[in-house]
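# Geometric and topological summary
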Amino acid sequence: MIIQSTHAKSLECSLEIAVDNFELDFKEDIETWVTSAIFASEFYFENNVSVNIKIIDEDESQELNNLFRSVASATNVLAFPVGDFVFPFNNSSTELGDLAICMPIINRESIDQGKDCKAHLAHMVIHGTLHLIGFDHDTKKSAGKMELLEKLVMEELGFLDPYL
């Protein structure tokens, strides 16, 4: 699906579902959440932008986390950005990268934390998208900036503060 954005000519968001029982119908919502995160980031892309998202199980999450982060456990979201950004882009399309979202962990965390599953999934998509465009939480300052953006986007989308 192609989404028009004021921050890019268009955003193409591909979504692959690699888990059974993905009963939640959030496909269009996921694309909106990606767009909202990019809009909030205040980065302006002069060309088409693409993001690839795969909904995965815990085995694949653990395998990817171990392979790319040397962490021997599954996690809720992994972000794989493509290169460093140089503005303005000179090509016609810019792939931001891939997100791997572990739905079983999202489901479990939403129950454990007393959160709505859709809201928690939205938060993880927004969080991962911000990682794709260069945000991190490695320092207190960078974490504060990233968390503030996440809170603002979540609020704008009608969700509660994910850090409450």
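Counting restarts for each chain, with residues numbered from 1 along the sequence as it is written. Where totals are concerned, whole chains, interfaces and linings use all residues; where local detail is concerned, this predicted model gives features only for residues with pLDDT of at least 70, and gives and counts side-chain atom pairs only at 80 or more. Computation of side-chain values covers all heavy atoms of the structure but excludes hydrogens and water.

## Observations concerning the overall build of the chain
What the chain contains, in helices and strands, is five helices and five strands. Strands here are runs of E lasting at least two residues and helices are runs of H or I lasting at least four, both read from the DSSP assignment and numbered beginning at the N terminus. Along its sequence from the N terminus, the chain presents helices and strands in the succession β-β-α-β-α-β-β-α-α-α. For accessible areas, the Shrake-Rupley method is used with a probe of radius 1.4 Å. Any residue's cover is judged against the shown protein chains and nothing else. Carbon and sulfur atoms provide 49% of the accessible area of the chain, an area that totals close to 9,000 Å².

## Some words on the nonpolar core
A general trend in soluble globular proteins is that nonpolar side chains are found buried together. Counting residues in each nonpolar core, the largest one holds 36 residues, and the members touching the most others are I30, W33, V34, I53, I101, L121 and L130. For this core, the leading source of residues is helix α4 (residues 117-132), giving nine residues. Side-chain atoms within 4.5 Å are what join buried Ala, Val, Leu, Ile, Met, Phe, Trp, Tyr and Cys residues into a set we call a nonpolar core. Residue burial is assigned from relative accessible area. The probe radius is 1.4 Å, only protein chains are included, and a residue is buried under 20% of its type maximum, exposed over 50%, and partly exposed in between.

## Digging into the packing of helix α1 (residues 27-41) against α4
The convention used is that axes are lines fitted to C-alpha atoms, helices contributing only their stretch in contact, and that angles between N-to-C directions extend from 0 to 180 degrees. Running from N to C, α1 and α4 point in directions that differ by 45°, and their axes come no closer than 9 Å. Put simply, α1 runs oblique to α4. The element α1 and its partner α4 pack so that their crossing is right-handed. Between α1 and α4, the contacting residues are D29, I30, W33, V34, A37, I38 and S41 on the first element and K118, L121, A122, V125, I126, T129 and L130 on the second. Between 65 and 115 degrees an angle is taken as roughly perpendicular, under 35 as roughly parallel, over 145 as roughly antiparallel, and anywhere else as oblique. A crossing counts as left-handed when the near helix is turned anticlockwise from the far one by less than a right angle, and as right-handed when that turn is clockwise. Between two residues, a contact is recorded if the distance between any of their heavy atoms is within 4.5 Å.

## Notes on the confidence of the model for the chain
Interpretation of the predicted coordinates at a detailed level should be avoided for regions scoring low in pLDDT. The quantity called pLDDT is the predictor's confidence in a given residue, expressed from 0 to 100. For the chain, mean pLDDT is 85; residues scoring 70 or higher make up 84% of the total. A low-confidence stretch, residues 1-7 (pLDDT under 50), is modelled with 24 contacts involving residues beyond four sequence positions or located in other chains. Here residues 86-91 scores under 50 on pLDDT; set against residues more than four positions off or in separate chains, the count is ten contacts.

## Observations concerning helix α5 (residues 140-156)
Multiplying 1.5 Å by the residue count of a helix minus one yields the expected span of that helix. Here α5 spans 24 Å end to end across 17 residues, near enough to the 24 Å set by a 1.5 Å rise per residue. Listed in full, the buried residues belonging to α5 are S142, A143, M146, L149, E150, V153 and M154. One side of α5 carries all its buried residues, which in axial view fall inside an arc of 130°. Facing away from the buried surface of α5 by more than 90 degrees, the exposed residues are K140, K141, K145, E155 and E156. Looking at the packing, one finds that the buried side of α5 touches α1 and α4. Just past α5, the residue G158 takes up positive phi, approximately 90°. Of all possible arcs, the one meant is that of the directions from the helix axis to the C-beta atoms.

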